[in-house]
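# A structural walkthrough
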Amino acid sequence: MNGSGCELNGDESRADRLARLDKLYVWHPFTAMRQYIESEQIVIESGDGFELIDTRGKRYIDGFSSLWCNLHGHRVPQIDAAVRDQLGRVAHSTLLGLASVPSIELAARLAGAMPPSMAELTKTFFSDSGASAVEVALKMAFQYYRNIGQAKRRRFIALRDGYHGDTLGAVSVGGVEAFHKLFGPLLFEATFVDTPNAYYNPAGADGTLEQIDRALAAHAGEYCAVILEPLIQAAGGMLTHPAGFLRKLRELTRRHDVLLIADEVATGFCRTGRLFACEHEGVGPDMLCLGKGLTGGYLPVAATMTTPRIFDAFRGEPEEGRTFYHGHTFTGNALGCAAAMASIDLIFSSGLLATLGDKVELIGRHLRPLADHPNVGDIRQCGMMVGIELVRDRAGKKPFAPSRGSAAAVSREAVRRGLMIRPLEDIVVLMPAPAMDSPTLERMMNITVEAIRNT
Ligand SMILES: Cc1ncc(COP(=O)(O)O)c(C=O)c1O
């Protein structure tokens, strides 16, 4: 007996033991731990295709792609084999001044996979989470201007309700009050402009563009970059942007000569119906942040891709101070890069992109009847990404009292019916894996609609 409580208690089942130890030892992210500890927990044991299976044998459709990262399902033979094969060589070696086979192959593959408007993004800086990819982009943009002799530039523009991860740099450009406000005293100052989402900003996208235009004009030569999640602000509430906003923003940043950072950590790799969100508007950002789906959702590899113009500003002798002093121990991890290669190969070999149109349409078709529901205020869909906003009063756009936890109740009902989803405040969020087969997608949509109608 070591007092850890790890032994089985009497005739306690394995499932009960794990649930007990989870509550004793694991501090879960983005989780109200008191409520969590008081409720009955699900412990995932395995995955099978598009389903997760818990320690009691119950199956759930993985309706949130295991937090927006899974692309092809779980235990995909091609990705499993690629990771096993890499394990037979080496699990990890550093990229600090040293190269590794899988990271080279992946960087070249990524550059080759870029659609025409993004073809200039040929240089890849690896990291290990979406937030790190964003930190890299922010620091890289800041240092880029120092390296080219424009040291007055230190400002960034970001969108209200934008989300870029939880490290302090990413939080500084994060606009989700509930997550970010508390940390205000620790952050650098950023300029926030209104979301261009029509439900939250009836003034429209042009108002947002004007705010950006004004800020850039008022502080000419002081901004490094505008950062945004292109097409849809995911964690801020699945806030879709009107068509044309991204293209106009790109024109504006060119006109004012500031960098555009596209955070495609959530939208990248097929979620929006194309490989990348920027592709929809023929936009090429100066920096592209990738994570989540990069490895098919298998392992923590992220990347910040940029252009030779930016990269070249960092070339020089060590004493010139141009070097980018940033990196993480597991930067470009070999197992992760092998998984990413296999996942990207699978996107193309399976013809996944060509199947997305029908699936996007299937999702839209199932959502349509909800439009008349008295407590559905707005339905937002961008490709395979969906947010259903629940309200107390549709006409007045009045939210429910926060304590009611309306979307949480719907999610619990969905989970009870075998669909794993996780809400954002009053928004029911759906994010199936792009490769999910149509019958499973139908089942997922039917459960969602039933859960909303029965809650
Ligand atoms: C757009 C966006 N950027 C960055 C992140 C942070 O990624 P990670 O959780 O891997 O740090 C997220 C996570 O949800 C995201 O949605």
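For the structure, see preceding data.
Computed from a prediction, not measured in an experiment: that's the story for all the values here. (Residues numbered from 1 in each chain as written. Predicted model: local features only at pLDDT ≥ 70, side-chain atom pairs only at ≥ 80, totals over all residues. Heavy atoms only, no water.)

### Focus on the packing of aromatic side chains
Centre-to-centre distance and the angle between the planes together describe a pair of aromatic rings. Scanning the model with the defined rule gives nine aromatic pairs in all. Taken together, a centroid distance of 4.8 Å and an interplanar angle of 70° make the contact between Phe-30 and Phe-179 edge-to-face. Of this pair, Phe-30 sits in the loop between helix 1 (14–25) and helix 2 (33–38) while Phe-179 sits in helix 8 (residues 177–180), and the two are 149 residues apart along the sequence. Given the relative accessible area of 43%, Phe-30 is considered partly exposed. Of the residues examined, Phe-179 reaches a relative accessible area of 24% and is grouped as partly exposed. Note on Tyr-199 and Tyr-200: the rings are 5.2 Å apart at their centroids and 80° apart in plane angle, and the pair reads as edge-to-face. What makes Tyr-199 buried here is its relative accessible area of 13%. (Phe/Tyr/Trp six-rings, centres within 6.5 Å; stacked < 30°, edge-to-face > 60°. Helix = DSSP H or I, 4+ residues; strand = E, 2+ residues; numbered from the N terminus. Buried < 20%, exposed > 50% of the residue type's maximum accessible area, 1.4 Å probe, protein only.)

### Details of unusual backbone geometry
Its identity is not glycine, yet Ser-66 carries a phi of approximately 50°, on the positive side. Within the secondary structure, Ser-66 sits in helix 3 (residues 65–68). Residue Ser-66 is classed as partly exposed on the basis of its relative accessible area of 27%.

### Let's talk about the environment of Leu-138
Along the polypeptide, Leu-138 turns up in helix 6 (residues 130–147). C-alpha separation for the pair Leu-138 and Ala-91, spaced 47 residues apart in sequence, amounts to 29 Å.

### A short note on the side chain of Glu-413
Examined against the element boundaries, Glu-413 turns out to sit in helix 14 (residues 406–416). We classify Glu-413 as buried; its relative accessible area is 14%. Look past the residues within four positions of Glu-413 in its chain and what remains in contact with it is Ala-451 and Thr-455. (Contact = heavy atoms within 4.5 Å.)

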